[in-house]
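Observations on the three-dimensional arrangement
Listed below, chain by chain, are the residues.
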Amino acid sequence: PGTPGLRAVAQLDTTLSPAASASADFPPAGLSSADRCFVLHFGLTPAQYQNQPAIVVLDCETAVCTAAQVKQAIERNPGAPIWLRGTKGLLLDAAIGENNSSTAFPSAAAATQLQKSAALGPVVLIVEGSVDARDGADFGGVIYGRKPSWTWTVDGAVTVRGAILAEGDFSVVAGAALPQLRVDYSDAHAKGVVNFLRTRAG
């Protein structure tokens, strides 16, 4: 108190100025092409994203993660992205995510309610392993694959209401029945899902 205002201002102090940044700095240099793909979709490196307190990590290294485990994680952590860590991947043998009684995505006015309801809201799954999708499975949200060659074994009719994003090659192989993978990425529906999920992880 009592110090003249001009004496309390530090001007032209280079140690307080951020270094000049160029467009080449985003995504950050030194990342693999897969990590750069992740940054472009999620805004953070995989390590930064996975270290957020809001992220739920499931161990899919010792055994395959089931739809029931994922649904339990969603119920315990509404709105949180689920990271399936490990090579065993996901057994998609039941409905996960958005209310599957209608193909229409809920209106923006329902966003607050959706955030409170794990059963209704779309989800983000980041999967390091393969996906084994069974007949009748229905997923609402975004599934992001972190494998150079990401394979889905599809046994019968499977629906994804939202988007499938892959860092590398993506392929579908047949299970016991002819694979019928339907991705509902119509403009109104997919934009609603992706925009709703864009700000879910901070």
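None of these values were measured; they are calculated from a predicted model. (Residues numbered from 1 in each chain as written. Predicted model: local features only at pLDDT ≥ 70, side-chain atom pairs only at ≥ 80, totals over all residues. Heavy atoms only, no water.)

**A short note on the packing of aromatic side chains**
For clarity, the cut-off: Between 30 and 60 degrees the pair is tilted, below 30 it is stacked and above 60 it is edge-to-face, where a pair is any two Phe, Tyr or Trp rings, Trp via its six-membered ring, whose centres lie within 6.5 Å. Only runs of H or I of at least four residues qualify as helices and only runs of E of at least two qualify as strands under DSSP, and these elements are numbered from the N terminus.
In this structure the tally under the stated criterion is 10 aromatic pairs. On the numbers, 5.4 Å between centres and 90° between planes, the contact of Phe38 with Tyr144 is edge-to-face. Linking Phe38 in helix α1 (residues 33-42) with Tyr144 in strand β8 (residues 138-145), this pair joins segments that are 106 residues apart in sequence. Among the aromatic side chains, those forming a connected cluster through ring pairs are Phe38, Phe42, Tyr49, Trp83 and Tyr144.

**What about the nonpolar core?**
Note the following rule: What we call a nonpolar core is a set of buried Ala, Val, Leu, Ile, Met, Phe, Trp, Tyr and Cys residues that are connected through their side-chain atoms within 4.5 Å. The rule is simple: take the accessible area with a 1.4 Å probe, protein chains only, and divide by the maximum for that residue type; under 20% is buried, over 50% is exposed, in between is partly exposed. Residue contacts are counted whenever heavy atoms from the two residues lie within 4.5 Å of one another.
Within the largest apolar cluster, 27 residues are counted, with the highest numbers of intra-cluster contacts made by Leu84, Leu92 and Leu125. For this core, the element with the highest residue contribution is helix α3 (residues 67-76), accounting for 4 residues. Setting aside residues no more than four positions away along its own chain, Leu84 makes contact with Leu58, Cys60, Cys65, Val70, Leu90, Leu125, Ile126, Val127 and Glu128. Core analysis: the second largest hydrophobic core is formed by 8 residues, Cys37, Phe38, Tyr49 and Ile55 among them.

**A closer look at the side chain of Asp155**
Put simply, the test is: By the counting scheme adopted, Arg and Lys are positive, Glu and Asp are negative, and His together with the chain ends is not counted. Every case where a carboxyl oxygen of Asp or Glu lies within 4 Å of a side-chain nitrogen of Lys or Arg is listed as a salt bridge. Here a polar contact is recorded for every N or O atom pair within 3.5 Å, except that within protein the pair must consist of a potential hydrogen donor and a potential acceptor, and residues adjacent in sequence are included only if both atoms are side-chain atoms.
With respect to the element layout, Asp155 can be found in strand β9 (residues 149-155). Although buried, Asp155 forms no salt bridge, and the nearest oppositely charged side chain, Arg134, lies 5.0 Å from it. Engagement of the side chain of Asp155 in a polar contact is seen with the backbone nitrogen of Ala177, the distance being 2.8 Å. For Asp155, the contacting residues outside a window of four places in its chain are Ala133, Arg134, Asp135, Gly175, Ala176 and Ala177.

**Topic: the confidence of the model for the protein**
What counts is decided by this rule: Summary of the metric used: pLDDT quantifies the predictor's per-residue confidence within the range 0 to 100.
With 74% of its residues at a pLDDT of at least 70, the protein reaches an overall mean of 81. Every residue in residues 100-119 scores below 50 in pLDDT, and together they form 30 contacts with partners more than four places removed in sequence or on other chains.

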